[in-house]
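Chain and residue survey
Here is how the chains run, residue by residue.
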Amino acid sequence: MMFLMHPYAQKRSRCVYVICVLFMIIGLFSMYFHMTLSFLGQLLDEISILWMLAGGYGVWLPRCYFPTFLGGNRPQFIFLVVITTMISTFLSFLRPTVNAYALNSIAVHILYIVFQEYKKTNNKELRHLIEVSVVLWAFALTSWICDRFLCSFWQRINFFYLHSIWHVLISITFPYGMVTMALVDARYEMTDQTLKVRYWPRDTWPMGLPYVEISDDHKNC
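Structural notes, computed from the coordinates. All figures in this text were calculated on a predicted structure; none of them were measured in a lab.

1. Topic: the overall build of the protein chain
When you go through the protein chain residue by residue, the secondary structure sums to 8 helices and 2 strands. Along the three orthogonal principal directions, the C-alpha set of the protein chain runs to about 65 × 45 × 30 Å. Residues counted as buried form 42% of the 221 residues belonging to the protein chain. Summarising the internal contacts of the protein chain: among those between residues at least 6 apart in sequence, 63% fall at separations of at least 24. When the accessible surface of the protein chain is summed, it comes to about 12900 Å², and 68% of that surface belongs to carbon and sulfur atoms.

2. What about the pattern of salt bridges?
For the structure shown, the criterion picks out 8 salt bridges. Between arginine 63 and glutamate 189 there is a salt bridge, with the nearest N and O atoms lying 2.7 Å from each other. Of the two residues, arginine 63 sits in the loop between helix H3 (39-60) and helix H4 (74-94) while glutamate 189 sits in helix H8 (residues 162-189), which places them 126 residues apart along the sequence. Among the salt bridges present, the one from glutamate 117 reaches arginine 187, with a minimum N-O distance of 2.6 Å. Highlighted residues: glutamate 117 in helix H5 (residues 99-120) and arginine 187 in helix H8, separated in sequence by 70 residues. Relative accessible area serves as the criterion here: at 35%, arginine 187 is assigned to the partly exposed category. Because the salt bridges share partners, they merge into one network encompassing Arg63, Arg74 and Glu189.

3. With respect to the nonpolar core
Within the largest apolar cluster, 56 residues are counted, with the highest numbers of intra-cluster contacts made by Tyr8, Val16, Trp60 and Leu195. Sorting elements by how many residues they give to this core places H8 first, with 12 residues. Not counting residues within four places of it along the chain, the set of residues in contact with tyrosine 8 comprises Ser13, Val16, Trp60, Ala182, Asp185, Met190, Leu195, Val212 and Ile214.

4. Side note on a nonpolar patch on the surface
Together, Val98, Tyr101, Ile145, Phe149, Leu150, Phe153, Ile157, Phe159, Phe160, Tyr161 and Ile165 make up a nonpolar patch on the protein surface, roughly 1000 Å² of accessible area in all. Mapped onto the elements of the fold, tyrosine 101 is located in helix H5. A relative accessible area of 35% means that tyrosine 101 is categorised as partly exposed.

5. What about unusual backbone geometry?
In this structure, proline 201 follows tryptophan 200 across a cis peptide bond, with omega equal to 10°. Structurally, proline 201 can be placed in the loop between strand S1 (193-200) and strand S2 (209-216). Phi is positive for leucine 37, close to 50°, though the residue is something other than glycine. The topology assignment puts leucine 37 in the loop between helix H2 (15-36) and H3.

6. Topic: the packing of aromatic side chains
Going through the model one piece at a time under the given rule, you end up with 10 aromatic pairs. With a centroid separation of 5.5 Å and 75° between ring planes, the pair formed by tyrosine 101 and tryptophan 144 is classed as edge-to-face. Taken together, the positions of tyrosine 101 in helix H5 and tryptophan 144 in helix H6 (residues 124-149) put the pair 43 residues apart, joining distant regions of the chain. For tryptophan 144, a relative accessible area of 6% corresponds to the buried category.

7. Regarding the environment of tyrosine 211
Position of tyrosine 211 relative to the elements: it lies in strand S2. A residue is classified by how much of its surface remains accessible, and tyrosine 211, at 16% relative accessible area, is buried. Along the sequence, tyrosine 211 and methionine 24 sit 187 residues apart, while their C-alpha atoms lie 16 Å from each other. Look past the residues within four positions of tyrosine 211 in its chain and what remains in contact with it is Leu4, Met5, Val179, Lys196, Val197, Arg198, Tyr199 and Trp200.

8. Describing the environment of alanine 140
Structurally, the position occupied by alanine 140 is in helix H6. Put simply, alanine 140 and tryptophan 166 are 26 residues apart on the chain and 4.8 Å apart in space, counted from C-alpha to C-alpha. For alanine 140, the contacting residues outside a window of four places in its chain are Trp166, Leu169 and Ile170.

9. Observations concerning the side chain of serine 133
Among the secondary structure elements, serine 133 is positioned in helix H6. Serine 133 gets classed as buried once you look at its relative accessible area, which sits at 10%. Once residues lying within four places of it in the same chain are set aside, the contact partners of serine 133 are Thr173, Tyr176, Gly177 and Thr180.

Rules behind the numbers
Residues numbered from 1 in each chain as written. Predicted model: local features only at pLDDT ≥ 70, side-chain atom pairs only at ≥ 80, totals over all residues. Heavy atoms only, no water. Helix = DSSP H or I, 4+ residues; strand = E, 2+ residues; numbered from the N terminus. Buried < 20%, exposed > 50% of the residue type's maximum accessible area, 1.4 Å probe, protein only. Contact = heavy atoms within 4.5 Å. Areas by Shrake-Rupley, 256 points an atom, 1.4 Å probe, with all protein chains shown as cover. Salt bridge = Lys/Arg side-chain N within 4 Å of Asp/Glu carboxyl O. Core = buried A, V, L, I, M, F, W, Y, C linked by side-chain atoms within 4.5 Å. Patch = residues over 30% accessible without salt bridge, like charges linked within 9 Å, V, L, I, M, F, W, Y side chains within 5 Å. Phe/Tyr/Trp six-rings, centres within 6.5 Å; stacked < 30°, edge-to-face > 60°.

Right, here's the structure in full:
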């Protein structure tokens, strides 16, 4: 995905590479955690997710959603995000049992943003991406909740795959969410560019890895 997003990252922000690297690191730490079921593995997995979400906020959150006291200043907002994430990282060591719930609760704010943008836009590609992302996230969250709170029931019927289903669905949701936020951001920050959604390996396949292709419109706004 880093290679596919390269032209976009060159135009928008090279921090996109950092987000892609963090996404890969999440996969490695998640694998380590589930192989060892260790406390260290849990923290590495959850903290990497936290920092990837922070990176997404810093790069893609539209300025209209910034706290008013920042006056739309993105560098100051990024500084605020970094400080908040550092504090959250420290707190994750104090109450690790609430980490998973805290991370999932961030989705509520993201859902609010995409819902607001869904109402604003007539872009069919953006609306489709939002719809797919929300549906995937809803199925993933349902799997996680059922696995977390109905564990004894699934054990009685010898069905042990819900947590695996959660991981598969959420790992698909992240790329869709990243491209969704890239399109949302482009409406505010790249008004002289046209972003086209593509899917690897082929656009015609029912499922694929989404990415954005960028081109100049050469028009005044």
